[in-house]
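One letter stands for each residue in the lines below.
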Amino acid sequence: MPEGPELKLSSLYVNATCKGKTFRGKVVKSAVSKCCEIDFCSPRYTISSEARGKEMALRLNCMENPENTLRILFRFGMSGRFWFGSASDIQKHAHLNFFTVDEPSNVLSFVDPRRFGSWHVMQGWGPERGPDPMYEYGNFRANVLAHLDDSAFNRPICEALLNQKYFNGVGNYLRAEILFRIGVPPFTRARDVLETLKQENQEEGKEKYSDLLELCHSVPLEVIDLSVGVTSVPVVEDDYKPFVKWLRCYENPNMNRLSDHNRRTIWYKGEAGPLAPKIKSVQKIRKSKSAGVKRKSSLGEEDTLGGGAGDQLPSFKVQTTEDQLPSFKGQIAENQLPSFKGQITEDQLPSSKGWTTGDQLPSSKGQTTEDQLPSFKFQITAAPSNWTIREEQCNHMEESVSASLRRSQRVHQKLMKRVHVDEATATAKIRKRLQINKHAN
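Predicted, not measured: the structure shown is a model, and the values here were computed from it.

Trainee: What should I look at first to understand the overall build of the chain in this one?
Mentor: In terms of regular secondary structure, the chain is built from 8 helices and 10 strands. Per-residue burial over the chain gives 41% buried out of 441 residues. Long-range pairs, those at least 24 residues apart, make up 66% of the contacts in the chain with a sequence separation of at least 6. Of the accessible surface of the chain, which amounts to about 26100 Å², a share of 49% is contributed by carbon and sulfur atoms.

Dropping the structure here:
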C-alpha cells in the first residue's frame, strides 16, 4: 500500500510531468468506477499537485478564467498511482483521465487496478487526518503529545502508528523500520513509549535527541531521497533495488513477524512485548446425531505466533484410545445396564395371517447378551495433549445415555405387551375351536 513517501513522490512526478503542458475538455471517468463524476470542462487548463500524509490533491486551473479552478483530493488505497503517456496506450485500469491539447493527445491517468482508491472534490485535507510528520513536524509532534490521554494510545505502539489521526502517512513498512531503529518492542503500550517524550520535551535546555517521533519524521524522508519505492510510472525491477537494500526489518526473513489485533503483519526483532496477541482457542466441535454431544479441543492460551509459526499448529490426527478417555461424573457402567429379557424385534412378531399355536410364539425367556446392547462408546479423532471436556458436557452425555436407555425400555415394553396380547388371543381361539370340535362329535 502506498504510504506517505510514495504519495509525495507521486505529487513530484505529476508536477514534473505536467509542467508546461496544457489540458483540455472534460475529465473522463471510467464506467466501472464508483467514485464521483468530475464536473469540470475547460478548453485550456493546467494541472498542479501537492501531497500531505496519505493524501494527494490535483488542482485544475482554467487558463482563460483564473477563478475557474477545481481541487480533487485523492487517496490511493492499495494500488493507486498516476501515469502519463500517449492516449492510444492508455492503461487498462485508468479510472480518471485528463487529456492534453497535443496532437496526438497524451493523457494523465489515475490508475488503480484493485479500485480501493478514491477521489473527492474538496478544499483542504481530510478532517480525520493529522499533520504530516515529514513537512509539518512541529505540528505533528505537538498533536501527538497533546492527546496522549486518547484511548488510541492504550493500544500497542505498532497499532497506534497506523492511526492516521496522529501518524498521517505512516504505514506497514514505515512502522516496522521505525520501531526496529529505536529498539522498542512493537506490542508495548503506546502511551508508555510516548509519555517519556512528553516529560523530556518540557525540560529546559534539552538538546535535540533521537526518539520515536523524530524517526517518524526522518525515516520517510530517507525514502524520498532514494527517489524510488512505489512510483507512479512503470519501472523495471532494478529500480527497486536501492529501496529493497534500504529496508532493514520489513519483510526480512531473519526477523520475527506477528499479526497484530487488526490482522496486519508486523516485522520486528527480539521480544514482541506485553500486549502481543495470543493464539485464539481453536475449537473443533462435532455434533452427534444420536446424543447431540459437543466435544471441544483447545490450544494453550500462552502460545503466540512469532516468526511465521502460524503454520506450526499441532496436528489433530492422533486417535485417543478408550482407556485415555476422561472419566465422566456419574458414568453408568456396562454391568449396571438393565437387562432386556425376551426383547422382540418387529420382524419376529407372529404373522396375523392364519392360526398361531402357543409353541409358535417367540420365547420371552431368552436373555439379551451384552454384545447385543447398543454401544455408547465413541472415539475422539481430534485430541491435543491438553484435551479437556467441561463438566456440563459430561452431564449432557450422561443424560443422553440415560435417554437412550429409557427409549430402549419403552420399545421393549411395547413389544412384550404386543406379544402377550397375541398369545392370549391365539390361546382363546384354540380353546374355542376345541370346544366346537367337541360339540360336533
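Trainee: Sorry, what's going on with a nonpolar patch on the surface here?
Mentor: Side chains of Met1, Met78 and Phe116 sit close together on the surface and give an oily, nonpolar patch of about 300 Å² of accessible area. Tracing the backbone through its elements, the reader meets Met78 in the loop between strand S4 (69-75) and strand S5 (81-86). Classification of Met78 by relative accessible area gives partly exposed; the value is 32%.

Trainee: Is there a simple way to explain the packing of aromatic side chains in this structure?
Mentor: In this description, an aromatic ring pair is defined by two values, namely the gap between the centres and the angle between the planes. Evaluated as defined, the whole model comprises 17 aromatic pairs. On the numbers, 5.4 Å between centres and 55° between planes, the contact of Phe82 with Phe110 is tilted. Of this pair, Phe82 sits in strand S5 while Phe110 sits in strand S7 (residues 106-111); the two residues are 28 residues apart in sequence, bridging distant segments of the chain. Among the residues examined, Phe82 registers a relative accessible area of 0% and is labelled buried. Measuring from ring centre to ring centre gives 5.4 Å for Tyr173 and Phe243, while their planes differ by 90°; the resulting arrangement is edge-to-face.

Trainee: I would appreciate a short explanation of the pattern of salt bridges in the present structure.
Mentor: Oppositely charged side chains can pair when the atoms bearing their charge come close. Per the stated rule, a full pass over the model turns up 11 salt bridges. Where Arg52 meets Glu136, a salt bridge forms, and the shortest distance between an N and an O atom there is 3.2 Å. In this pair, Arg52 sits in strand S2 (residues 41-52) while Glu136 sits in the loop between strand S8 (118-121) and helix H2 (137-146), placing the two residues 84 residues apart along the sequence. The exposure class of Arg52 is buried, given its relative accessible area of 12%. Salt-bridge contacts for Arg175 lead to Asp260; the nearest nitrogen and oxygen are separated by 3.1 Å. Linking Arg175 in helix H4 (residues 172-182) with Asp260 in the loop between strand S9 (256-259) and strand S10 (265-268), this pair joins segments that are 85 residues apart in sequence. The pair Arg175 / Asp260 is uniform in exposure class, with both members buried.

Trainee: Would you take a moment to explain the sheet that holds S2 for this structure?
Mentor: What links the strands of a sheet is backbone hydrogen bonding, and the strands pair in either a parallel or an antiparallel sense. With antiparallel pairing, the 8 strands of this open sheet are ordered in space as S5-S7-S6-S1-S2-S3-S4-S8. The open sheet has two free edges, formed respectively by S5 and S8, since each of these has just one partner strand. Each strand of the sheet is rotated relative to its neighbour by a mean of 30°, with strand direction disregarded. Across 8 bridges, the pairing between S2 and strand S3 (residues 55-62) is antiparallel. When the bridges of S3 are listed, Ser48 appears paired with Arg59.

Thresholds applied
- Residue indices follow the written sequence of each chain, beginning from 1 at its first position.
- Under the rules for a predicted model, residues below a pLDDT of 70 receive no local features and side-chain atom pairs below 80 are neither given nor counted, while totals for whole chains, interfaces and linings still include all residues.
- Only heavy atoms go into the side-chain values, all of them from the structure, while hydrogens and water stay out.
- By definition, any uninterrupted DSSP run of H or I lasting at least four residues is a helix, any uninterrupted run of E lasting at least two residues is a strand, and each is numbered from the N terminus.
- Relative accessibility decides the category of a residue: with a 1.4 Å probe and only protein chains considered, values under 20% of the type maximum give buried, values over 50% give exposed, and everything between is partly exposed.
- Any two residues whose heavy atoms approach within 4.5 Å are treated as being in contact.
- A 1.4 Å probe and the Shrake-Rupley method give the accessible areas. Residues count as covered only by the protein chains that appear here.
- Residues forming no salt bridge and having over 30% relative accessible area are the ones grouped into patches, like charges within 9 Å of each other and nonpolar side chains (Val, Leu, Ile, Met, Phe, Trp, Tyr) within 5 Å.
- A pairing counts as a salt bridge when a side-chain nitrogen of Lys or Arg comes within 4 Å of a carboxyl oxygen of Asp or Glu.
- Any pair of Phe, Tyr and Trp rings, taking the six-membered ring for Trp, is counted once the centres come within 6.5 Å. Such a pair is stacked with planes under 30 degrees apart, edge-to-face with planes over 60 apart, and tilted for the rest.
- Strands are labelled as partners when DSSP assigns at least two bridges between them.
- Think of each axis as a best-fit line through the C-alpha atoms, taken over the contacting stretch in the case of a helix, with angles from 0 to 180 degrees between the N-to-C directions.

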